[in-house]
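A closer look at the structure
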Amino acid sequence: MAEGAPILRIENLTKVFGKLRAVNDVSLDIVDGEFFTIVGPSGSGKTTLLRMLAGLEKPNAGDVLLRGNRVNDVPANKRPTCMVFQSLALFNHRTVGQNIEFALKMRGVSRAARRERCEELMKVVRLPQEFYAKGVTKCSGGERQRVALARALASDPDIMFFDEPLSAIDYQLRKLLEVELKDLHRETGKTFVYITHSLEEAMVMSDRIGIMQAGRLIQIGTPDEIYTKPLNKFVSEFMGEVNTLPVQVGSDGKFDCADLGSQFLGPQTDNGIQSGYLVIRPESMRFLNDPSEADNHVKGSLFNEYAMGSRVQYHVRAGNQMLVIEKLREMAFRGSINDDVMIGWDVKDSVLVSD
Ligand code: ATP
């Protein structure tokens, strides 16, 4: 996806608050039409970076280029971009229609043309037409979300910035809106730049993801690249529950894991890591009847199992580690708590990462 000319280029962008480098020397190209998500824990600098991209915050160093033109000094309202905030920032004393039509009214678009465009936008964001005259305070959280999206789209921006717009919404609705946002991105063909602290949310929607840690963009890749080749332990653990086994790479190329008192076969390392973590996803682990069924095996006891809808998760105590295994419900392991079990994984399903 990261092909073609960048619509947005940032070069060595830095923002300092007192002694804190909230954003530290970040460079990035965002391609026209892509859905790019910046992910990181609280305080990692996501909002500050997004605000600089949108022109709401001035960088201390570095440049923001929009279609090749430096826009550091162009205020947000003079840029062909718009922001959807977590708070949505709707006009609460106005109707749905008045909120959506705001940018059009500012531009002097006639009443009839505004109404026509508003109705189109309401269709795009799946708001029923009868909501046109409804006060926004009488709308549900999901409906208000759609109003905010339609209002942003009304100004026909080249780039839409999203500042955690789904974080205050309950899980089920959030899942629905994630899919709708991805569809909206496809339907509009616009460039979306989105921030969230949820890598799960980023995975669902994005063409590419940038991971932020302490002001730096430490890894950029497609969801698949981030998932299968995390840069380090921080990125791999940020993606949810994974098995991270501390290992030393022996001279024979085997991986010694003191926590499990075992040696494992691991992936070829060309990154010179001598000690690090072997990362194995829960869905790549499996229960074995015989060691020959996988490249690596470990013996342990079944500590607990957890039904998770379509999947079942198992915790297996082995040495100093609690290993996590996940299976589809129909492939569930038939065992009892405290049973001795053998679990294993193949080399191809493991990644060696640094600390
Ligand atoms: P969250 O997910 O909690 O919103 P974030 O990754 O978006 O976090 P930022 O809001 O960008 O992080 O903040 C990065 C760091 O900069 C934090 O330590 C924050 O306290 C600090 N910071 C942000 N804005 C200001 C400001 N106006 N003045 C001083 N410090 C600030």
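Look a little higher up for the structure.
Rules of the game
- Residue numbers here run from 1 along each chain, matching the order of that chain's written sequence.
- Only residues with pLDDT of at least 70 are given local features in this predicted model, and only at 80 or more are side-chain atom pairs given and counted; all residues enter the totals for whole chains, interfaces and linings.
- To get the side-chain values, take all heavy atoms of the structure and skip hydrogens and water.
- The definitions used throughout rest on a 1 Å grid laid over the protein atoms alone, on which a cavity is an enclosed set of points accommodating a 1.4 Å probe that cannot get out and a pocket is an open set flanked by protein within 12 Å on both sides along at least five of seven lines; lining residues are those having an atom within 4 Å of a point.
- Grid points are joined across faces, edges and corners, and a volume is the space filled by probe spheres set on the points.
- Every helix listed is a DSSP run of H or I at least four residues long, and every strand listed is a run of E at least two residues long, numbered separately from the N terminus.
- When residue character is reported, Ala, Val, Leu, Ile, Met, Phe, Trp, Tyr, Cys and Pro are called nonpolar, Asp, Glu, Lys and Arg charged, and the others, Gly included, polar.
- When DSSP finds two or more bridges between a pair of strands, those strands are recorded as paired.
- Angles shown run from 0 to 180 degrees and are taken between the N-to-C directions of axes, each axis being a line fitted to C-alpha atoms and, for helices, limited to the stretch in contact.

In this structure the tally under the stated criterion is one cavity of 30 Å³ or more. Size it by volume and the largest cavity reaches roughly 70 Å³. What lines the largest cavity is simply Val-124, Val-125, Arg-126, Leu-149, Leu-177, Glu-180, Leu-181, Leu-184 and Glu-187. With five residues, the top contributor of residues to the lining of the largest cavity is helix 5 (residues 171–188). Across the lining of the largest cavity, the residue classes tally to six nonpolar, no polar and three charged.

Taken together, the six strands give an open sheet; going across it, the order is 6-7-8-3-9-10, and neighbouring strands pair in mixed fashion. Looking at the sheet topology across the chains shown, the edges are occupied by strand 6 (81–84) and strand 10 (216–221). Going across the sheet, the axis of each strand differs from the next one's by a mean of 20 degrees, ignoring polarity. The sheet contact formed by strand 7 (residues 159–163) and strand 8 (residues 191–196) spans five bridges and is parallel.

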